[in-house]
Amino acid sequence: MDWTKQLFGVLSGLLAGLALMAALFAVLRALWTPAPTVVPAKSKLSQKTVPVTIRSAVAGPQIYVDGERCAANPCTISLLPGLHEAEARQAGHQTAMEDFAAQPGVGDLQIELNPQPLEAEVEITSELMSGTLRRDDQPAMRFSGGSARLGDLKPGPHKLRFTSGAFQADFEFETQPGAPVRITAPPKTRGLRAIAVAGAGPVGRIWVTDKDAELTIGARELGLVPEEGLPLPALTGNVHKFVLRTAKLGESTFMFEMSERPNVWISLRSNRKLGTILIQTGEDDAKVIVDGKDATTRTRRGKAAILAEPGMHTVAVEKPGFLSPPERQAKVELGGEATLDFRLEPIPTRAMLPIQGAPPGAVFTVNGKALATAGADGTASIGDLTPGTLTLAARREGYAPGRWEVKLGAGRNEALRATMTRAPATLRIHVTGAGARLTLRKLGQFEETPLSADTPVTLAEGAYTVTATDGKDRRASTQVRLEAGRETTATLSLGAAPVVQEAAAPAKQVTLEDWVREPGWRQVNGGAVARDGGGIQLVPAPTGAQTVQFTADTTGGQPVRWITHYRDNLNYTLYEFSCDALERVDIVGGKRVARNRSPVSSRRAPVARIRMVQQAGVLRTSALIGGQWVDLDTAETSNGTGRFGFYVPGRDRLVLREFRYDYR
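Conventions used here
- Residues numbered from 1 in each chain as written.
- Predicted model: local features only at pLDDT ≥ 70, side-chain atom pairs only at ≥ 80, totals over all residues.
- Heavy atoms only, no water.
- Salt bridge = Lys/Arg side-chain N within 4 Å of Asp/Glu carboxyl O.
- Helix = DSSP H or I, 4+ residues; strand = E, 2+ residues; numbered from the N terminus.
- Buried < 20%, exposed > 50% of the residue type's maximum accessible area, 1.4 Å probe, protein only.
- pLDDT = per-residue confidence, 0-100.
- Contact = heavy atoms within 4.5 Å.
- Pairing = 2+ DSSP bridges.
- Axes fitted to C-alpha atoms, helices over the stretch in contact; angles between N-to-C directions.
- Core = buried A, V, L, I, M, F, W, Y, C linked by side-chain atoms within 4.5 Å.
- Phe/Tyr/Trp six-rings, centres within 6.5 Å; stacked < 30°, edge-to-face > 60°.
- Lys NZ or Arg CZ within 6 Å of the ring centre and 35° of its normal.

Draft legend 1. Structural detail: the pattern of salt bridges. Taken as a whole and judged by the stated rule, the model has 26 salt bridges. Residue Arg 193 is joined to Asp 210 by a salt bridge in which the shortest nitrogen-to-oxygen separation is 2.7 Å. With Arg 193 in strand 17 (residues 193–200) and Asp 210 in the loop between strand 18 (203–208) and strand 19 (214–217), this residue pair connects regions lying 17 residues apart in the sequence. Of the residues examined, Arg 193 reaches a relative accessible area of 6% and is grouped as buried. The exposure class assigned to Asp 210 is buried, which follows from its relative accessible area of 14%. Linking Asp 532 and Arg 653 is a salt bridge whose minimum nitrogen-to-oxygen distance equals 2.7 Å. Here Asp 532 is found in strand 51 (residues 529–532), whereas its partner Arg 653 is found in strand 62 (residues 653–663), with 121 residues between them in sequence. We classify Asp 532 as partly exposed; its relative accessible area is 37%. Judged by its relative accessible area of 33%, Arg 653 is partly exposed. Taken together, the shared-partner salt bridges in this structure form one network comprising Asp 580, Glu 583, Arg 595 and Arg 597.

Draft legend 2. The confidence of the model for the chain, seen in detail. When the pLDDT values of the chain are averaged, the result is 81; 87% of them are 70 or greater. Confidence, expressed as mean pLDDT per element, reaches its minimum in the chain at helix 1 (residues 2–32) with 48 and its maximum at strand 29 (residues 311–318) with 93. Across residues 23–46, where pLDDT falls below 50, the model places 18 contacts with residues more than four positions away in sequence or in other chains. Per-residue pLDDT stays below 50 along residues 497–504; that stretch engages in 12 contacts with residues further than four places along the chain or on separate chains.

Draft legend 3. The sheet that holds strand 22 (residues 239–246), seen in detail. The strand order across the open sheet formed by 4 strands is 20-19-22-23, and the pairing between neighbours is antiparallel. Every other strand in the sheet has two partners, leaving strand 20 (220–224) and strand 23 (250–257) as the edge strands with one partner each. With strand direction ignored, the average angle separating the axes of adjacent strands in the sheet is 25°. Where strand 19 lies against strand 22, 4 bridges are found, and the strand directions are antiparallel. Across the sheet, the residue bridging to Thr 216 is Val 243, located in strand 22.

Draft legend 4. Layout of the nonpolar core. Core analysis: the biggest nonpolar cluster contains 33 residues, and Phe 550, Trp 562, Phe 644, Phe 659 and Tyr 661 have the highest contact counts within it. Among the elements that make up this core, the one with the highest residue count is strand 62 (5 residues). Setting aside its immediate chain neighbours within four residues, Phe 644 contacts Gln 537, Leu 538, Val 539, Val 548, Phe 550, Trp 562, Ile 563, Thr 564, Met 612, Phe 659 and Tyr 661. Ala 120, Phe 162, Val 181 and Ala 198 belong to the second largest nonpolar core, which has 24 residues in total.

Draft legend 5. Looking closely at the packing of aromatic side chains. Scanning the entire structure with this criterion turns up 17 aromatic pairs. Here Phe 143 and Phe 162 contribute two aromatic rings whose centre-to-centre distance is 5.2 Å and whose plane-to-plane angle is 85°, an arrangement assigned as edge-to-face. A residue pair is termed long-range when its members are at least 10 positions apart, and Phe 143 in strand 12 (residues 141–144) and Phe 162 in strand 14 (residues 156–164) qualify at 19 residues. Relative accessible area serves as the criterion here: at 0%, Phe 143 is assigned to the buried category. Of the residues examined, Phe 162 reaches a relative accessible area of 1% and is grouped as buried. A ring pair is formed by Phe 550 and Trp 562, whose centres lie 5.2 Å apart and whose planes are at 75°; its orientation type is edge-to-face. Of the two residues, Phe 550 is situated in strand 53 (residues 545–554) and Trp 562 in strand 54 (residues 560–568); the sequence distance between them amounts to 12 residues. For the pair Phe 550 and Trp 562, a shared accessibility class is recorded, and that class is buried. Ring pairing ties together the aromatic residues Trp 515, Trp 521, Phe 550, Trp 562, Tyr 575, Phe 644, Phe 646, Phe 659, Tyr 661 and Tyr 663, which thus form one cluster. In this structure, Arg 422 is placed above the aromatic ring of Tyr 399, and the distance from its NZ or CZ to the ring centre is 4.5 Å.

As structure tokens, then:
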């Protein structure tokens, strides 16, 4: 069987060769397949598009369409009809931008952008506060304040000399339109350390006069800086921090700023052992004070760098027309940098008065002119006021007028607490019939107060029942609604026959014992009854109630829920009582169509004790809070409370500890 083994070996070799050729073909295909053109997301939509070609008049810029980079220059792309934006971005140049409209049916659209070169500039900073600068063969200019900026650099070679007493530094560089500045010779100094960074945009190169300086930018160690300079990695952003380390001077920290403009940033330091305080104010020409002495350096572009000896220093900044921020402490370390941020705010010349605690809708006036209206949260704000003493007035229907004397300073003042007192309502009662005895009862309460006929009485606003009786079993009653600040007259008549408002049928009650007989309800400890889930549970009574009072709680911190005006499972009114609010929601056709929320000012209570009273078309809901009944909600109704019940959703447990349902 040797021939079969030989045949099997030949076939295996052929299969391996075919697999190798297939792999080689895949590699060649990948190498020769052109890269896909990057197309902005807008052109990927399956709609009719417009061909557009965008090119730059100069070589080099990157083309962007609607903020997305195009793969080539010129950029040929298909765009959806409409407005678009094209940009040509190039270091050393001002970004060229053009808005254009892509319209179908007009052929290829050609857009040409022309980025203009930016003028080069030189920025010099030094711990030496004064000296001179000489550029090329021009007259020497004064150097003061520790920094200077030179512009108007024409294309070609330039020389720059800095002199301050025995200190001197010389630089040679060359500028070309739109190109990074090129330093053509290593800096030469006398008594100074020099650091120079030349570049444009993310491209830069650094030179230092220290022979053994090692450079670190952020967390990137770039190593030794040679005499001919060290190329910098692509840098994003403007301000950068780098660290130089030398065997003699140790570690020193510097901050420099890159921009799209071709520039040279030069830092000159003596060999003194110092650190740096970097001050940031956001304002130019601010004075810097270090340890009580004017540092003579003013901020430029909102910043200033101050050299200081190691240790703690007190720093302040000042500028005319601005509030002076508090002094700050800076800890300076040898060769290190301490950064202090100061916020300079303009000195206000006008006053602003915030208002709190006012009734919603209150109108605030000064000298009769309305200036603000309180919102739903009771707050308002009046600005652009003259500092000094101000008389502020407020009016709101139903409240006594408010008036305050306010002393205002420039800027924002402390908020005024503008509480207003509800105006009392006035009730006058007129009775026909001799010997009538009058009583008054507020809706939701059981206490009655005697009154005198035709004598006005002031009361808090709300709904009241006025009753007149005599010794002949004649009785008349009426309900009135009193509004704050208004007078209401109630008229009653005691005729020959007694006037009875309520139905003659005797009152009936539903109690806890009636609930126990309902399916799903059971008696628990202490005489209470409970139910787990079951949804809507209607009271075992045929009609609506005049009074409902119950005490209930739930498990798991859920609100106590009950319903009134029940017609079916899609039409009723739902109440929810929790520790912070009573909510009433009208359900019509299974949808929530109206909602009312009444805050509850109490701590979380273990139980909810609720009382609902129906009188003269008004259903009033009260809760026992802090030992007193507090009215929380009033709803208009024409047919009593309607069918009443509890809502026990899911697996919630409702425990009734007290229940009384009065009906006729």
